[in-house]
Amino acid sequence: VPDTMDQALSNFRQVTASGRDVYWVGSPIAPTSSASEQREIRERLLKERRYAPVFLDAKRERLFYEGFCKRVLWPLFHSSPPTTEDTIARAQPPAAPGRYVDEGDVEGEAQLWAAYQGANQAFADAVRDVAQDGDLIWIQDYHFMLLPQMLRGFSTNAKLGFFLHVPFPSSELYRTLPFREEILRGLLAADLLGFQTYDYARHFLSSCEMVLGIETSPDHIEHEGHLTRVCVCPVGIEPDVVRARSLAAPTLGAIRRLEGQLQGRALFLGVDTLDPTKGLVHKLLAFEELFAAHPELADELVFVQVVLGAGGPATDDAANETPQGAVVAKPFNQRTDSARSGARQLRLDHEAAFQSKALRSRAVFSTLERQLHAMVSRINSQYATLDFEGPVQYFGADARAPPTEATLAALFSLADVLVITPIRDGMNVVPFEYLVAREAHKKLGAVLLSEFAGCARSLGGAVLVNPWDTRRFSTLLYRLFR
């Protein structure tokens, strides 16, 4: 999957091979039902792999992850302040006179926050069971921003590092968070805080000044007798791994197959997770305007958008919609009244790999997924014929078997232009993988990149665009094609 997984696995191997005595603390994916089963799994994992599992009951995990993390923190940290609807949904209405309200059925703001605290405490307890005073402890991402302070409480000599993979919002936005002081104090207990970009680090420092009223320096904060260093250390990729994958036999076979299907058309490619912050709607609007202004391009280029899994909060409000199934690129309302001949449709092989657990478990499309399908159908319906399904090919996260690793590597190698246009993103390493894949085949690459992506400053040769400016976006697509 195009992400930081290659680097994570490489880091895992390096740490394991370093001779250090390493323990890994995390939450198992598979649910367990009994305390004895949990105890057996914990003992086995600790003994065989030095994994320390943290078991959360289904309700706490839902309120913690889908609740506070994804409904409160994720939108805010991606510069999306709470709406009026969000505020109402999180509020706990007073009970009517004479009416009993079971607190266990309430999922208001206080309950979400309590679940976040409880989950962080559960992880702190698990770390305490395996850690010794003076150990080096690394904490990953916004799910555990209270953990440094909790760990500091029982291990004053521990070396605590924390890395934030997502953006940190501006102080103006961060101050809307009801639990803003607690989270900042939780983070400041760490010895080292890592951010993806200088802007995110600056936003954090500014929030500490505005919310806690403390003085900061560009690279550290001294608070209550503790020094916290702040650094910018963005994630990256493993170029050798990407290069080897691009030249592997399965990839070369997929390249030959796709080249035959493209029949000389230019290939524009997008690879994202299913998330409102990825700017998928903005991207399709720009392509719709491109084809409306230059309809001849429908025969000259194909835009393939691959969506892998879910990133942010799910919005499953389509209970009566069509259940998910195998994804094909055929539009829902295909028109067949025009007459383009000799055109073939690009198809991807959907072999059983990298299945999305989160979306497989749901029987309905999310609101965003339905919007994307409708937009693709609307665009393609203008250009479809009996043997041509349209210039936009969408392979969604609702697929039972998304494109394989070899197919994705082949798409990276073949794409003339990569289009990555999030409205907010922590870093996004997809452009790096694309450029390495193109270089492996001795080809130049072109990247149309949102100026709001964390990697925008790292790719000096990319063409930057404001995804909200549809007309400009469409113009740049046309220029890159020509």
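Use the structure listed above.
Residues numbered from 1 in each chain as written. Predicted model: local features only at pLDDT ≥ 70, side-chain atom pairs only at ≥ 80, totals over all residues. Heavy atoms only, no water.

Caption draft 1: Molecular detail of the pairing of strand E8 (residues 266–274). Among the 9 residues in E8, 8 count as buried, and that is most of the element. Summarising the sheet, E8 and strand E11 (residues 417–420) pair through 2 bridges and their orientation is parallel. Residue Phe268 lies in a different strand from E11, and its bridge partner there is Val417. (Buried < 20%, exposed > 50% of the residue type's maximum accessible area, 1.4 Å probe, protein only. Helix = DSSP H or I, 4+ residues; strand = E, 2+ residues; numbered from the N terminus. Pairing = 2+ DSSP bridges.)

Caption draft 2: A look at helix H9 (residues 198–212). Here H9 spans 21 Å end to end across 15 residues, near enough to the 21 Å set by a 1.5 Å rise per residue. Those residues of H9 that fall on the buried side of the exposure criterion are Tyr200, Ala201, His203, Phe204, Leu205, Ser207, Cys208, Val211 and Leu212. Against helix H7 (171–174), helix H8 (180–188), strand E5 (192–195), strand E6 (220–223) and strand E7 (226–232) lie the buried residues of H9. Gly213 occupies a position one or two residues after H9 and carries a positive phi of about 70°. (Expected span 1.5 Å × (residues − 1). Contact = heavy atoms within 4.5 Å.)

Caption draft 3: The sheet that holds E7, seen in detail. With mixed pairing, 5 strands are arranged side by side in an open sheet as E3-E4-E5-E7-E6. The two strands at the open ends of the sheet, each matched to only one other strand, are strand E3 (136–140) and E6. Here the average twist between neighbouring strands, direction ignored, is 20°. Where E6 and E7 come together, 4 bridges link them in antiparallel fashion. Each residue of the ladder has a partner; that of Ile221, found in E7, is Thr228. Packed on one face of the sheet, H8 meets strand E4 (159–163), E5, E6 and E7 and runs near 105° to E6. (Axes fitted to C-alpha atoms, helices over the stretch in contact; angles between N-to-C directions.)

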